[in-house]
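Examining the three-dimensional arrangement
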Amino acid sequence: MKIKIKTSLYTSAIGLVAFILPAVQMTHIFVYGTLKRGQPNYPRMLDPANGKASFCGRASTIDKYPLVIAGKYSIPFLLNIPGQGHHVQGEVYSVDDQMLAFLDRFESVPDMYQRTPVKLKVEEWVNGAGCGQTPGSTMEAFVYSTTTYQPDWVELSAYENYDAYGDHGLEYVIRESRDD
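Note that the structure is predicted; figures quoted are calculated from it, not measured. (Residues numbered from 1 in each chain as written. Predicted model: local features only at pLDDT ≥ 70, side-chain atom pairs only at ≥ 80, totals over all residues. Heavy atoms only, no water.)

A closer look at the overall build of the chain
Of the regular secondary structure elements, the chain holds three helices and seven strands. In the chain, the succession of helices and strands from N to C terminus is α-β-α-β-β-β-β-α-β-β. Each of the 180 residues in the chain was classed as buried or not, and the buried ones make up 41%. Of all intrachain contacts in the chain linking residues separated by at least 6 positions in sequence, the fraction that spans at least 24 positions is 76%. Taken as a whole, the chain presents about 10300 Å² of accessible surface, with 56% of it coming from carbon and sulfur. (Helix = DSSP H or I, 4+ residues; strand = E, 2+ residues; numbered from the N terminus. Buried < 20%, exposed > 50% of the residue type's maximum accessible area, 1.4 Å probe, protein only. Contact = heavy atoms within 4.5 Å. Areas by Shrake-Rupley, 256 points an atom, 1.4 Å probe, with all protein chains shown as cover.)

With respect to the pattern of salt bridges
Summed over all chains, the structure comprises seven salt bridges. The salt bridge partner of Glu91 is Arg37, with a shortest N-O separation of 3.1 Å. A residue pair is termed long-range when its members are at least 10 positions apart, and Glu91 in strand E5 (residues 89–96) and Arg37 in the loop between strand E1 (26–31) and helix H2 (42–46) qualify at 54 residues. The class of Arg37 is partly exposed, set by a relative accessible area of 38%. Close ionic contact of Arg44 with Glu176 constitutes a salt bridge, the shortest N to O distance being 2.7 Å. Placement of the pair is Arg44 in helix H2 and Glu176 in the segment after strand E7 (138–145), with a sequence separation of 132 residues. Here the residues in one salt-bridge network are Arg58, Glu123 and Glu124, joined through shared partners. (Salt bridge = Lys/Arg side-chain N within 4 Å of Asp/Glu carboxyl O.)

Considering the side chain of Glu107
Along the chain, Glu107 turns up in the loop between helix H3 (97–106) and strand E6 (114–125). Despite its burial, Glu107 pairs with no opposite charge, the nearest such side chain being Arg175 at 4.9 Å. The contacts of Glu107, once residues within four sequence positions are left out, are Leu35, Met112, Tyr113, Tyr144 and Arg175. (Lys, Arg positive; Asp, Glu negative; His and termini not counted.)

What about the packing of aromatic side chains?
The tally for this structure, following the rule as stated, stands at four aromatic pairs. When the centroid spacing of 5.3 Å and the interplanar angle of 20 degrees are considered together, the rings of Phe77 and Tyr113 count as stacked. Taken together, the residues Phe77 in strand E4 (residues 75–78) and Tyr113 in the loop between H3 and E6 connect sequence positions 36 residues apart. Across the pair, Tyr113 and Phe77 agree in class, each one buried. Looking at Arg37, its charged tip hangs above the ring of Phe55, at a distance of 3.8 Å from the centre. (Phe/Tyr/Trp six-rings, centres within 6.5 Å; stacked < 30°, edge-to-face > 60°. Lys NZ or Arg CZ within 6 Å of the ring centre and 35° of its normal.)

Remarks on the confidence of the model for the chain
When the pLDDT values of the chain are averaged, the result is 88; 85% of them are 70 or greater. Taken as a whole, residues 1–18 scores under 50 in pLDDT and shows zero contacts with residues more than four places along the chain or in a different chain. (pLDDT = per-residue confidence, 0-100.)

Regarding the pairing of E7
Looking at chain direction, E1 and E7 are connected through two bridges and run parallel. Residue pairing for E7: Ile29 is matched across the bridge by Phe142. Sheet topology note: the E6/E7 ladder contains eight bridges and is antiparallel. Counted as the bridge partner of Pro117 is Phe142 from E7. (Pairing = 2+ DSSP bridges.)

A few points about the pairing of E5
Counting buried positions along E5 yields seven of eight residues, so the element is predominantly enclosed. Pairing analysis gives six bridges linking E1 to E5, with the strands arranged antiparallel. If you follow Val31 over to E5, its bridge partner there is Glu91. The pairing of strand E2 (residues 53–61) with E5 spans seven bridges and is antiparallel. Paired with Ala53 across the strands is Val95, a residue of E5.

Listed below in structure tokens is the structure:
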């Protein structure tokens, strides 16, 4: 009899916690530029004040896109022109609603970037963290791409993989160092 009461109390407590604490919605985001590991804005992905982001793995776009470096601050832009450019390589993160809202602000949605769905081919995946994919599989995630760009950007060199410290010779300027 004591076991039933304890089990019943335990089950009731779990149900109460589930009722009080709503499930956290996690969203997959594909990053290809300065938010990747080892890049200048990666620390923003780790800052708990921005929300939660868990690294899931590496992937590449199924469609080709032009990934260009443009503007006086040498910002990477994924131009939303499917079929041109390269299969862009990047990283997939599982983010909570707070981090998603932060990223939308950080990426100046909808003025500079738009958050749009993109189909990906998984290259490398970690277990856990709400990720649930296997290498070689396909998935959909959100990406920050742009449909608002200077006409000459389509003529710029397109990259398969962005590295702020790469041999392209274009030095990325962090936000804190910009003059506007």
